[in-house]
Amino acid sequence: MRLGTPETVRPAAAGPVADVLVLGAGVIGVTTAYALARKGLSVVLVDQADGPGQGTSFANGAQLSYAYTDALAQPGLLKRIPALVAGMDPAFRVRLSPDPAFLRWGLAFLRNCSQARFRANTLATLELALESQAAMAELRNRHPFDFGHATPGKLHVFRDVASLDHARAVAVIKQRTGIEQHLLTPGQAIDREPALAGTGAFAGALWTPGEEVGDPYRFCLALLDILERDYAVRAQFGFPVARLQADGEYAHALRSDGEVISGRCAVVCLGADAARFLTPLGLRVPIRPMKGYSFTAPVGAQAPSISVTDTARKIVFCRLGGTLRVAGLAELGRSDRVVEPGRLRTLVDGARAALPAAADYAAAGDGWAGLRPMTPDSRPIIRQVRQRLFLNVGHGMLGWTFAAGAAQRIATLVAATQAAASSS
C-alpha cells in the first residue's frame, strides 16, 4: 500500500519511529493521542500550528452536549432549503457550489432527511456521545486538571409550539437510552433560569440536567502537558504536512521541504481540512465545512448560570467562569476562517435580542470563526481506510462532545490492528 509518491523515505531522518502519528492537535487529536498512549502505544502528535487547539477547538461553543446529538438532516429542514439558499435565514445559510464533491454531499444529505434516517442517525450519534461522556469522566478522574468543567445542565428554549412539539417527539426517541429530559412551561423555565425573564414570549423549554461545559482550548493545553509528562507523547508543532506516504512497514508525514516524521501507522484528525488532505491519496470522504462564529464577553447583570440554547436564533450561551461564550450561525459551503464584521454583528445582535443583560455585549471584541466538519448523516468517520491509515474525522458541530468517545473507538481499532500485525 502506498500513500503519495513512491520514492524511498528513511524513517531515521526524523528520529525514532513511533507506533502512531496523530495528524491534528485539536480536541479530537489530543484525545486520540491520549487514548492511544493509554493503550501503551508510542505517539507523535503533529500539527501545522504552533500549539494545540488552534483551529476549531479554540473558541467553539464550549458545551458538552451529550444529550443533544440530533442529526442535522431531518424532514423539517427540506421545506426550508430554498430560503437557506436565498440567504433569508440570518442564522443558517447555504452557499451552492458546482464542485462535484459538494453535489455528492448535498444529494447524500437530502437522502438522510427522511424520518427513518433522522432517527437512526440521531441514535447512533447519541450512543457515541454517551460513550464520550463516560470516557471524559474517566479522564477527569484520572487527571483532575482545570479546564473550566462544570455540569450546569442546559435549557433549549423554543419560541413556537411546532418546534416544541418536535423537541418532545425527539425526546421520546431518546428515552430508552436513559437520557433525563423534562419539558417545561415558560414559567417553569424562568424558575429554572431567571435570566430568561423579560426576554420575550416563548412556547416552552426542554431541560436536560446532566449537560456539561468546559473550555476546549484550555483542555487541549492541559492534556498536552499530561501527554508529554506522563505518557512520553512527542508533539511536533509548526509542521504542515504536505503529503502522506507509506511503504511496507511505515507511514510517513512529509513537509514540502522534505522533512519527515514516521510511524507504523497514522491517524488523521484534521477536521474540515481532512477531505482536501485525503483527496490526493485517492480517498474520498464526505466532509464539507460549515462556518460558525463565537465571541466571549464578560458576564452581564443577568447572565445565565446554566447553558441556554435559543433554538429559533440558533445561538448558544455558555457560562465559563466570569465570561460568557456565545456561539452560533451556520454557513454551509464556506471554507474560510475570516471573521466578517457583518456576520459577527448578526450574532451579537441576536444574542442581545435573546438575552439582553446576559453579557457586556459592547466588550464582545473581534470575535472568532471556525469550520465544523460536516458529514451528510452527522455521523463521524472513525475507521481504517488503508493498511497504515486511520480516520477520526467528520464530527460536525459536536467535536468537543464526541472527542473522548471517538478517541477510544479509534484507539481500540488501531491497537487491535497493530496487535494482529505483530502476531502474524
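From a predicted model like this one, the values you see are computed outputs, not experimental measurements. (Residues numbered from 1 in each chain as written. Predicted model: local features only at pLDDT ≥ 70, side-chain atom pairs only at ≥ 80, totals over all residues. Heavy atoms only, no water.)

Structural notes on the pairing of strand 15 (residues 315-320)
With respect to burial, strand 15 is a largely interior element, 5 of its 6 residues being buried. The sheet contact formed by strand 14 (residues 307-310) and strand 15 spans 3 bridges and is antiparallel. Pairing of aspartate 310 across the sheet is with isoleucine 315, part of strand 15. Linking strand 14 back to strand 15 in an antiparallel pair, the connection comprises 4 residues, with lysine 314 at a positive phi of about 55°. The hairpin formed by strand 15 and strand 16 (residues 323-332) contains 2 residues between the paired strands, and glycine 321 there has a positive phi angle of roughly 65°. (Buried < 20%, exposed > 50% of the residue type's maximum accessible area, 1.4 Å probe, protein only. Helix = DSSP H or I, 4+ residues; strand = E, 2+ residues; numbered from the N terminus. Pairing = 2+ DSSP bridges.)

What about the pairing of strand 12 (residues 260-268)?
Burial within strand 12 is extensive, with 8 of its 9 residues counted as buried. The sheet contact formed by strand 1 (residues 18-23) and strand 12 spans 5 bridges and is parallel. Bridge pairing links leucine 21 to alanine 266 in strand 12. For strand 11 (residues 251-254) and strand 12, the ladder comprises 4 bridges, and the chain directions are antiparallel. Across the sheet, alanine 251 pairs through a bridge with glycine 263, a residue of strand 12. Between strand 11 and the antiparallel strand that follows it, strand 12, lie 5 residues; glycine 258 among them carries a positive phi value of about 95°. The pairing of strand 12 with strand 19 (residues 389-393) spans 3 bridges and is classified as parallel.

Some details on the nonpolar core
Judged by nonpolar contacts, the single largest core of 45 residues is most densely connected at Leu36, Phe219, Leu223 and Val414. Looking at this core, the elements with two or more residues in it are strand 1, helix 1 (27-38), strand 2 (43-46), helix 5 (115-142), helix 8 (216-230), strand 12 and helix 11 (399-423). Apart from residues lying up to four places away in sequence, leucine 223 is in contact with Val30, Thr31, Tyr34, Leu139 and Phe145. (Core = buried A, V, L, I, M, F, W, Y, C linked by side-chain atoms within 4.5 Å. Contact = heavy atoms within 4.5 Å.)

As for the layout of surface pockets
By volume, the second largest pocket is sized at about 530 Å³. Taken together, 26 residues form the lining of the second largest pocket, with Asp99, Ala101, Ala275, Ile287 and Arg288 sitting closest to its centre. Of all elements in the fold, only helix 4 (100-111), helix 9 (274-278) and strand 13 (288-298) reach the threshold of two or more residues within the lining of the second largest pocket. With 5 residues, the single largest contributor to the lining of the second largest pocket is helix 4. When grouped by side-chain class, the residues that make up the lining of the second largest pocket number 13 nonpolar, 5 polar and 8 charged. (1 Å grid on protein atoms, 1.4 Å probe; cavity = no way out; pocket = protein on both sides within 12 Å on 5 of 7 lines; lining within 4 Å. Points joined across faces, edges and corners; volume = space filled by probe spheres on them. Nonpolar A, V, L, I, M, F, W, Y, C, P; charged D, E, K, R; others polar.)

Concerning helix 11
The first and last C-alpha atoms of helix 11 sit 34 Å apart over 25 residues, in line with the 36 Å expected at 1.5 Å per residue. Of all the bends found along helix 11, the most pronounced is centred on glycine 405 and spans about 35°. (Expected span 1.5 Å × (residues − 1). Bend = angle between axes of the 7 residues up to and from the residue.)

Things to note about the pattern of salt bridges
Applying the stated rule across the entire model yields 21 salt bridges. The partner of arginine 255 in a salt bridge is glutamate 259, with the nearest N and O atoms 3.4 Å apart. Judged by relative accessible area, which is 35%, glutamate 259 ranks as partly exposed. For arginine 343, the salt bridge goes to glutamate 331, with nearest N and O atoms at 2.4 Å. Here arginine 343, found in helix 10 (residues 341-354), pairs with glutamate 331, found in strand 16; they are 12 residues apart in sequence, far enough to count as distant. Assigned by exposure class, arginine 343 and glutamate 331 land together as buried. (Salt bridge = Lys/Arg side-chain N within 4 Å of Asp/Glu carboxyl O.)

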